[in-house]
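Chain by chain, the residues:
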Amino acid sequence: MSKLERNWQYAEQYPGETDALVRARRLSLELGIEPVSRSVGAYLSGIAALNKAEAIFEVGTGVGVSGLSLLRHLPDATLTSIEIEPEHLREARTIFAEAGIPAARLRLIEGDALHVMPRLNLGAYDLVLLDANTAQLLDYFEHALSIVRPGGCVIVPSAFAHGQVPDPAARDEATQTMRDLLALVADSPAIASMLSPAGDGVLTIVRLDG
Ligand SMILES: C[S@@+](CC[C@H](N)C(=O)[O-])C[C@H]1O[C@@H](n2cnc3c(N)ncnc32)[C@H](O)[C@@H]1O
């Protein structure tokens, strides 16, 4: 194992998870859903706390690993989360209830994010997580930038598209879409962007004021 791989493995094993997160992660894997990794979950918890997020929006609920992570240190925050698969959403409701998250703090919406996002209030969210269909990512991102408040952030886990983005030989559509997004945000003066190698890569974009 190389030094970089050892660093990565250490970071993945380091953060502690709540019992609810462990249950949600196990269920995700049983259902064939790819949840955010442990280090990315810890990153989401930390960024949401730092941002003092009150209103959080997520595309791709899965069964709730990212959602539980986002809410972990924020007892008053609300989460609006969109999921296209009814079975995932049903399981997520159970997971959130078992974790003791009151229903009033959750708005779980079944549907296609591309239909739901255009109807959301502009500038209404402190933090937006995009973790669904990579083929639609550029469209999600356009909506995300208008629903996040100035100073808020948009986070895209799986920014390496299963490790493909850094591989110049990889030319599939998902990889190209992710590269397009990375190029787009790197050049925009209205955005601060950060790319971390945690998990499968995490892209964090801050919408600057003004
Ligand atoms: C990678 S999983 C999300 C995992 C979740 N964020 C977590 O960490 O536990 C992607 C999810 O997005 C959902 N999805 C795919 N396309 C979607 C769409 N257009 N709108 C809403 N959800 C979608 C899938 O059904 C799947 O549950």
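From a predicted model like this one, the values you see are computed outputs, not experimental measurements. (Residues numbered from 1 in each chain as written. Predicted model: local features only at pLDDT ≥ 70, side-chain atom pairs only at ≥ 80, totals over all residues. Heavy atoms only, no water.)

Caption draft 1: Focus on the site of the ligand. In the neighbourhood of the ligand, 23 residues make up the surrounding shell, with G60, S66, E83, H88 and D131 lying closest. With respect to the ligand, the backbone of V36 contributes an N or O atom lying 3.0 Å from an oxygen atom. Within the side chain of D112, a nitrogen or oxygen atom sits 3.0 Å from a nitrogen atom of the ligand. For the ligand, whose free accessible area comes to 610 Å², the fraction covered by protein is 89%. (Near = heavy atom within 4 Å. Polar contact = N/O pair within 3.5 Å; in protein donor to acceptor, adjacent residues only side chain to side chain. Areas by Shrake-Rupley, 256 points an atom, 1.4 Å probe, with all protein chains shown as cover.)

Caption draft 2: Looking closely at the pattern of salt bridges. Tallied over the entire structure, the rule returns 3 salt bridges. A salt bridge links R25 to E17, with the shortest nitrogen-to-oxygen separation between them at 2.8 Å. R25 sits in the buried class, given a relative accessible area of 14%. The residue R23 makes a salt bridge to E98 at a minimum N-O spacing of 3.3 Å. Pair noted here: R23 is in helix α2 (residues 19-30) and E98 is in helix α5 (residues 86-98), with a separation of 75 residues, a long-range link. We classify E98 as partly exposed; its relative accessible area is 48%. (Salt bridge = Lys/Arg side-chain N within 4 Å of Asp/Glu carboxyl O. Buried < 20%, exposed > 50% of the residue type's maximum accessible area, 1.4 Å probe, protein only. Helix = DSSP H or I, 4+ residues; strand = E, 2+ residues; numbered from the N terminus.)

Caption draft 3: Structural view of the packing of helix α7 (residues 137-147) against helix α8 (residues 173-187). Where α7 contacts α8, the axes come no closer than 9 Å and their chain directions differ by 30 degrees. By the angle class used here, α7 and α8 are roughly parallel. Residues L137, L138 and F141 of α7 touch α8, and the partners they reach there are T177, M178, D180, L181, L184 and V185. Taken together, the residues of the contact of α7 with α8 sort by class into 7 nonpolar, 1 polar and 1 charged. (Axes fitted to C-alpha atoms, helices over the stretch in contact; angles between N-to-C directions. Parallel < 35°, antiparallel > 145°, perpendicular 65-115°, else oblique. Contact = heavy atoms within 4.5 Å. Nonpolar A, V, L, I, M, F, W, Y, C, P; charged D, E, K, R; others polar.)

Caption draft 4: Region of interest: the nonpolar core. Membership of the largest hydrophobic core comes to 33 residues, with the highest contact counts inside it found for I56, L68, L70, F96, L127 and I155. Listing elements by their share of this core, those giving two or more residues are α2, α3 (38-50), α4 (65-71), α5, β3 (106-110), β4 (125-130) and β5 (148-157). The contact partners of I56, leaving out residues within four places of it in the chain, are A48, L70, L71, L74, A77, T78, L79, T80, Y125 and L127. (Core = buried A, V, L, I, M, F, W, Y, C linked by side-chain atoms within 4.5 Å.)

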